[in-house]
Structures are given as C-alpha cells and as structure tokens.
Amino acid sequence: MPQIETLFVTKIYRADLIDEASPGLNADLVRAVKAIARDDKAGAAWSKEHGYKGYTSYASLADLPVREPAIAHLKRSLDRHVAKFTSEVAFDLGRSRRLKLDSLWINVLESGGVHTGHIHPHSVVSGTYYVAVPDGSSAIQFEDPRLPMMMAAPTRRADADIGQKTFVSIAPDPGTLLLWESWLRHEVPVNRSHQSRISISFNYRWG
C-alpha cells in the first residue's frame, strides 16, 4: 500500500488578541499611531523617499514600547504568543529559552498603497498585529518558499489543499496577530479601501 508523508511543514500562527487584551487597546493604539505619525518627520521623509504610500516608523523609531504604554501592553502579549509559537515549531533555544524582540514598527498603508514581496533577514520569528482593517483593505499573501526551485513544475489546481497552494492570502481582522518564521516571503497587495490600514510589525531574534 503506497504511503505519503508530509514533510517540511510551514506554520502560520494566528491569534485574536482582543479577547485577552484590554477592550480599549486598539483604540489606544490608533491614537498612539496617529500622534507618532504626525510627529515623526524622519519616518514620513523615509516613507516618501522609498515610495511607501502612507507612513511607517520602520527606519526612524526604535523605542516604541518605551514611548507608548499601549505598545508596551501589546509587546507583553507578543512575548507570550511568540513563546508559544517557538514551542510549536520545536525550536531548541538552549539556555536562552525564548526569543527577544529585536524591532517593532508602525505601518499606516493608505488607499492604493502596497508592500511588495520580501523576507525579514537576521530574524527568527516575524509577525504583524492588525489595529485597523477597513472593508476592502489588503490581506497578507504568503509565498511557497520552494517556488524558486520548482523550475518546470505545473501550476497547482484551483482546488488544491491550502498546504499545497503556491500563494495563500490571509485576511486579518482588527485584533488579529499573525506569526511566521522570518524566511517566509510575503507581501501586501494594493489597499483598495478608501481608509488607511493600520498594523504593527515586528521581528524576534535569538540570543
């Protein structure tokens, strides 16, 4: 009898933080994001120079959990969930026992904005927490990491199982947390909402 084994699984961790966080966390985060985006001239300049339609603190602010109590609150939840994900993917961290937050940044993606395909080098676990997800705003799309090596392989059928698709989109809700291993390529297609999509992304490192 033939047997088929499933090997080298790619895991995406999803959780709803609204249930465990204070009910007003996202409202507090929206206020904090708007204030930071208004005052962060360096971040606004970087966003404009690099064609980011909206605002990101990616290259300008490295102390957001210290600056804003709401983001510090969020970080405590992220630490717990990253520890759970670390266990789920069977990382052996030795004496360090847990990954540490390396960077965290705000994304305000305006209508018509995109974030092209990329990975997060020099990190172990990456993720995004979704603060505001208006109707019509972008999902996040993940790419099969084997794609560059598929060469002459046919495309997958439309009815393929989610674990066999070449691209998988996940539509978040406000309060959704997504985690993945940092080598996994992903992108954010065009925001078709007339409102801004607000998220907070981050990387965790080992050691």
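Data block above holds the structure.
Reading the values: the criteria
- Residues numbered from 1 in each chain as written.
- Predicted model: local features only at pLDDT ≥ 70, side-chain atom pairs only at ≥ 80, totals over all residues.
- Heavy atoms only, no water.
- Salt bridge = Lys/Arg side-chain N within 4 Å of Asp/Glu carboxyl O.
- Buried < 20%, exposed > 50% of the residue type's maximum accessible area, 1.4 Å probe, protein only.
- Core = buried A, V, L, I, M, F, W, Y, C linked by side-chain atoms within 4.5 Å.
- Helix = DSSP H or I, 4+ residues; strand = E, 2+ residues; numbered from the N terminus.
- Contact = heavy atoms within 4.5 Å.
- Expected span 1.5 Å × (residues − 1).
- Arc of directions from axis to C-beta.
- Axes fitted to C-alpha atoms, helices over the stretch in contact; angles between N-to-C directions.
- Parallel < 35°, antiparallel > 145°, perpendicular 65-115°, else oblique.
- Left-handed = near helix turned anticlockwise from the far one by under 90°.
- Nonpolar A, V, L, I, M, F, W, Y, C, P; charged D, E, K, R; others polar.

Visitor: Would you take a moment to explain the pattern of salt bridges for this structure?
Guide: Note on pairing: side chains with opposite charge can pair once their charged atoms come close. Counted according to the given criterion, the structure contains 10 salt bridges. The shortest N-O distance in the salt bridge between arginine 38 and aspartate 39 comes to 3.5 Å. Between aspartate 63 and arginine 67 there is a salt bridge, with the nearest N and O atoms lying 2.7 Å from each other. The class of aspartate 63 is partly exposed, set by a relative accessible area of 31%.

Visitor: Would you take a moment to explain the nonpolar core for this structure?
Guide: In summary, soluble globular proteins display a tendency toward joint burial of nonpolar side chains. Membership of the largest hydrophobic core comes to 32 residues, with the highest contact counts inside it found for Leu29, Tyr129 and Leu179. Contributions of two or more residues to this core are made by strand 1 (13-16), helix 1 (25-39), helix 4 (69-88), strand 3 (100-109), strand 5 (125-132), strand 8 (176-181) and strand 10 (197-205). Among the elements that take part in this core, helix 4 stands out by supplying 6 residues, more than any other. When near neighbours in sequence (up to four residues on either side) are disregarded, leucine 179 contacts Lys11, Ile12, Tyr13, His81, Val82, Phe85, Val125, Ser126, Gly127 and Phe202. Counting residues in hydrophobic clusters, the runner-up holds 8 residues, among them Ile140, Phe142, Leu178 and Trp180.

Visitor: I'm lost on helix 1 in this one. Help?
Guide: Two residues of an α-helix separated by three or four positions point the same way, owing to the 3.6 residues in each turn. With 15 residues, helix 1 extends 21 Å from end C-alpha to end C-alpha; this agrees with the ideal 21 Å at 1.5 Å per step. Three or more residues of helix 1 are buried, namely Leu25, Asn26, Leu29, Ala32, Val33 and Ile36. Buried residues of helix 1, viewed axially, fall in a sector of 120°; they line one side. Pointing more than 90 degrees away from the buried face of helix 1 are the exposed residues Arg31, Lys34, Arg38 and Asp39.

Visitor: Even after reading the chapter, I still don't get the packing of helix 1 against helix 4, so can you show me in this structure?
Guide: A packed helix pair is summarised by two numbers, namely the angle formed by the two axes and the spacing between the axes. Two elements in contact, helix 1 and helix 4, have axes whose closest approach is 8 Å; the angle formed by their N-to-C orientations is 125°. In terms of their interaxial angle, helix 1 and helix 4 are classed as oblique. You can see that helix 1 and helix 4 cross each other, and the crossing is left-handed. Touching Leu25, Asp28, Leu29 and Ile36 of helix 1 are Ala70, Ile71, His73 and Leu74, all from helix 4. Of the residues contributing to the contact of helix 1 with helix 4, the split by class is 6 nonpolar, 1 polar and 1 charged.

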